Amino acid sequence: MPKVHVLPDYLANQIAAGEVIERPASVVKELIENSIDADAKNIIVIVENAGIDKISVTDDGTGLEKDDLLTCLKRHATSKISATEDLFNILSLGFRGEALPSIASISRFKITSRTKDDDSAWAVETEGAKDFNLKPASHKIGTTIQVSDLFFNTPARRKFLKSARAEQSAIQDMVTKTAIANPMISFKLIADGKEKINFFGSQSETLEDYLPRLGQLLGKDFVKNSVAVEGSLDNMQIFGFTTLPTFNLGLGTKQFMFVNGRPVKDRLMLAALKQAYHDRMARNRYPICVLFIDVPPKSIDVNVHPAKAEIRFKNNRDVFSLIHNSVKKVLDSHSRDTTQKATDDAVAYFKPEASGQLGGFGVSNYSTGGVKEVRSANIAMGKSSFEFQQKIELPPEARTAEQEKILSSVENNAEYPLGAAVAQVHNTYIVAQTADGMILLDQHAAHERIVYEKMKSQILGSQAETQNLLIPEIIELNEFDMGVILERNEDLAKFGLDIEQFGETAIAVRSTPALLGIKSVKPMVLDLVEELKAYGNITSLTTKIEHVLATMACHGSIRAGRTMTVEDMNALLRQVEETDNTAQCNHGRPTYVKLSKTDLEKLFYR
Ligand code: ADP
Ligand code: MG
């Protein structure tokens with residue numbers, strides 16, 4: 001074995017760069033965070049060829065003195081902490097002293113700076129951080145860092161980069177995301193000579209000051225469909241925006257959270273958010289949000305991830321409560337606006353009969369009549385009060401007909417494995433009676449699986465059937481999202497989804513997969529874009545196809561909340577029996593629960 005030796009600095013820095021600098025957007029992140037830490041009011045980012053050829057960040061912050069220009073390129077050189085206890089009281093974005101030496105070790109690097117006390121500026125240049133060349137320069141107060149030919153001496157790293165379009169998109173997202181947390185700072189991004197971002201700094205940091213940039217990152221629809229979150233717990237505060245439950249995505253890619261201004265991805269925080277939407281949103285749907293959490297610096301540990309994307313909280317439970325309770329509170333207050341009327345109507349509907357039939361339902365006498373009442377009430381929930389009146393005045397014969405249907409359903413279907421439909425609960429679950437017990441089936445999850453399996457076999461067969469739209473649907477997309485989906489349009493055409501570019505900022509959808517019978521094309525396409533972004537270059541083609549199919553299937557399926565007739569329900573049960581893999585939905589959850597008579601007895605007699 002060769003002798004043990006200490007690595008030269010440039011090599012140690014290249015190793016550190018492996019963790020800190022994954023792609024050009026990571027360089028942009030580190031440099032603009034440094035500018036923010038230096039109290040800059042204006043930050044200009046210029047990139048060429050998606051940052052691979054050139055990244056330059058100019059700020060009007062405090063600047064660096066001549067001596068510091070060389071020091072800041074040394075390993076573990078920082079002005080932000082100096083003692084162990086500082087590590088647990090981080091007030092700045094940076095503190096590891098790794099970014100500049102890492103970046104310098106894998107690029108042609110130049111830093112030019114001037115402080116307010118200097119008459120002129122100084123610059124340091126280096127190629128791969130082996131030699132450093134300090135010389136006088138010209139610059140106003142502040143700093144410019146230029147990074148050229150990123151990864152020029154680590155070509156293997158360069159190979160891991162995605163398409164220029166994807167890298168550029170990552171840069172743009174990064175600048176926007178960072179800008180969102182800093183409304184009082186102006187940000188400009190110029191890519192290949194074109195101005196991509198131009199945010200003016202606001203005078204204050206009220207909730208309204210955050211909105212323009214949020215609109216830019218998440219679209220105008222986000223601003224229209226979101227509600228303001230505000231809350232506090234002990235010495236922690238939360239504020240931000242989150243969407244109403246009806247405005248959601250198939251992936252959690254647009255949930256942005258910041259702790260003390262630092263963008264973080266934290267499972268606990270995401271779980272708290274999800275929990276707040278529990279009951280209001282299908283479990284496979286995700287709200288869009290931007291939430292800022294401010295906590296005492298001493299209550300978090302930010303030194304747990306090289307790119308500082310994760311943090312550790314001293315008191316997990318309080319953070320969870322803060323997010324969960326604050327989001328839930330605002331959703332509660334808004335849900336009342338829209339659904340209180342339906343609830344009142346339903347209660348009114350129950351009242352006249354409450355002492356009679358319904359009283360019997362909850363006890364041991366499980367009559368189909370009682371089940372029917374519950375079902376009718378659920379049907380009624382979604383309708384206007386005008387229709388209620390009609391419902392209440394239904395002649396007795398009509399009720400009997402409904403009852404008849406259920407009885408004959410039982411007669412004709414009881415021997416099937418999934419039995420006979422007898423009721424629908426909350427317009428979401430089908431209750432079926434089987435020879436030796438009962439089934440509770442999630443109508444959406446089950447149907448989604450059926451559609452998905454059918455699409456899969458059609459596509460393996462070759463070309464899926466398409467359904468032409470009478471009028472092509474035009475969908476506005478930003479440049480990058482458009483690129484993401486157009487890059488895949490051949491694959492999508494195979495699935496029966498025909499998409500083409502429509503002008504500078506939109507796509508036209510000409511046909512959709514016939515199997516889906518989709519009426520609202522736009523939400524599906526927007527979900528697909530997110531899906532492709534998330535899985536785009538990582539997964540194999542088959543997994544990719546499966547993800548895309550799953551997304552489409554979800555949109556083409558019977559929704560939770562749709563009222564179904566007894567016949568429809570029985571038809572669905574039969575389809576579930578005939579299709580492979582239907583015991584679980586595309587997300588791995590069970591599609592139905594089976595309770596045998598013994599199970600039921602156990603439930604009640606134990
Ligand atoms: P860290 O940010 O973790 O301290 P960096 O390697 O990113 O480490 O930067 C090293 C030091 O260089 C910083 O601590 C700071 O003092 C100085 N510095 C970097 N960028 C700037 C800038 N834009 N303006 C002023 N000082 C800067
Ligand atoms: Mg830094």
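One can find the structure itself at the top, above this paragraph.
All of these numbers come straight from a predicted model, not from anything done at the bench.

Draft legend 1. Expanded view of the overall build of the protein. Looking only at helices and strands, the protein has 21 helices and 24 strands in total. Residues classed as buried in the protein amount to 45% of the 606 residues present. In the protein, of all internal contacts separated by at least 6 residues, the share reaching a separation of at least 24 is 69%. Roughly 30,400 Å² of accessible area belongs to the protein as shown, and the carbon and sulfur atoms make up 52% of that amount.

Draft legend 2. Local environment of unusual backbone geometry. At Ala-50, a residue that is not glycine, the phi angle is positive and equals roughly 55°. Its place among the elements puts Ala-50 in the loop between strand 1 (42–48) and strand 2 (54–59). Notably, Lys-308 is not glycine yet its phi reads approximately 60°, a positive angle. Looking at the element boundaries, Lys-308 is found in the loop between strand 16 (300–301) and strand 17 (312–313).

Draft legend 3. Quick peek at the sheet that holds strand 5 (residues 133–137). Here eight strands make up an open sheet; going across it, the order is 5-4-3-6-2-1-7-8 and the pairing mixed. With one partner strand each, in any of the chains shown, strand 5 and strand 8 (194–199) form the two edges of the open sheet. Across the sheet, the mean angle separating the axes of adjacent strands is 10° when strand polarity is ignored. Across the sheet, helix 6 (residues 164–180) lies against strand 1, strand 7 (186–191) and strand 8, angled at about 175° from strand 7, the strand it touches most.

Draft legend 4. Examining the packing of aromatic side chains more closely. Under the definition given, this model contains four aromatic pairs. Between Tyr-210 and Phe-239 the ring centres are 5.4 Å apart and the planes differ by 70°, which places this aromatic pair in the edge-to-face class. On the criterion of sequence distance, the pair formed by Tyr-210 in helix 7 (residues 207–218) and Phe-239 in strand 10 (residues 236–243) is long-range, its members being 29 residues apart. Just as Tyr-210 is buried, Phe-239 falls in that class too. When the ring of Phe-258 is compared with that of Phe-292, the centres are 5.0 Å apart and the planes differ by 20°; the resulting orientation is stacked. Placement of the pair is Phe-258 in strand 12 (residues 255–259) and Phe-292 in strand 15 (residues 289–294), with a sequence separation of 34 residues.

Draft legend 5. View of the pairing of strand 18 (residues 420–425). Within strand 18, five of the six residues are buried, which leaves the element mostly enclosed by the surrounding structure. In the sheet, strand 18 pairs with strand 19 (residues 429–434) via five bridges, with the strands oriented antiparallel. Its bridge partner being in strand 19, Ala-420 is matched across the sheet by Gln-433.

Draft legend 6. How the structure looks around the environment of Tyr-10. Tracing the backbone through its elements, the reader meets Tyr-10 in helix 1 (residues 9–20). Tyr-10 sits 92 residues away from Ser-102 along the chain, and the two C-alpha atoms are 8.3 Å apart. Apart from the residues within four sequence positions on either side, Tyr-10 is in contact with Ser-105, Gly-128, Ala-129 and Lys-130.

Draft legend 7. The nonpolar core, seen in detail. Core analysis: the largest hydrophobic core is formed by 45 residues, its most contacted members being Leu-31, Ile-43, Phe-109, Ile-111 and Val-147. Ranked by the residues each element gives to this core, the list is headed by helix 2 (residues 24–37), at six residues. Those residues in contact with Val-147 that sit more than four places away from it in its chain are Val-27, Leu-31, Asp-53, Lys-54, Ile-55, Ile-103, Ser-107, Arg-108 and Phe-109. Counting 29 residues, the second largest nonpolar core, distinct from the first, contains Ile-90, Ile-238, Ile-293 and Val-319.

Basis of the calculations
- Residues numbered from 1 in each chain as written.
- Chains lettered and ligands numbered in written order.
- Predicted model: local features only at pLDDT ≥ 70, side-chain atom pairs only at ≥ 80, totals over all residues.
- Heavy atoms only, no water.
- Helix = DSSP H or I, 4+ residues; strand = E, 2+ residues; numbered from the N terminus.
- Buried < 20%, exposed > 50% of the residue type's maximum accessible area, 1.4 Å probe, protein only.
- Contact = heavy atoms within 4.5 Å.
- Areas by Shrake-Rupley, 256 points an atom, 1.4 Å probe, with all protein chains shown as cover.
- Pairing = 2+ DSSP bridges.
- Axes fitted to C-alpha atoms, helices over the stretch in contact; angles between N-to-C directions.
- Phe/Tyr/Trp six-rings, centres within 6.5 Å; stacked < 30°, edge-to-face > 60°.
- Core = buried A, V, L, I, M, F, W, Y, C linked by side-chain atoms within 4.5 Å.

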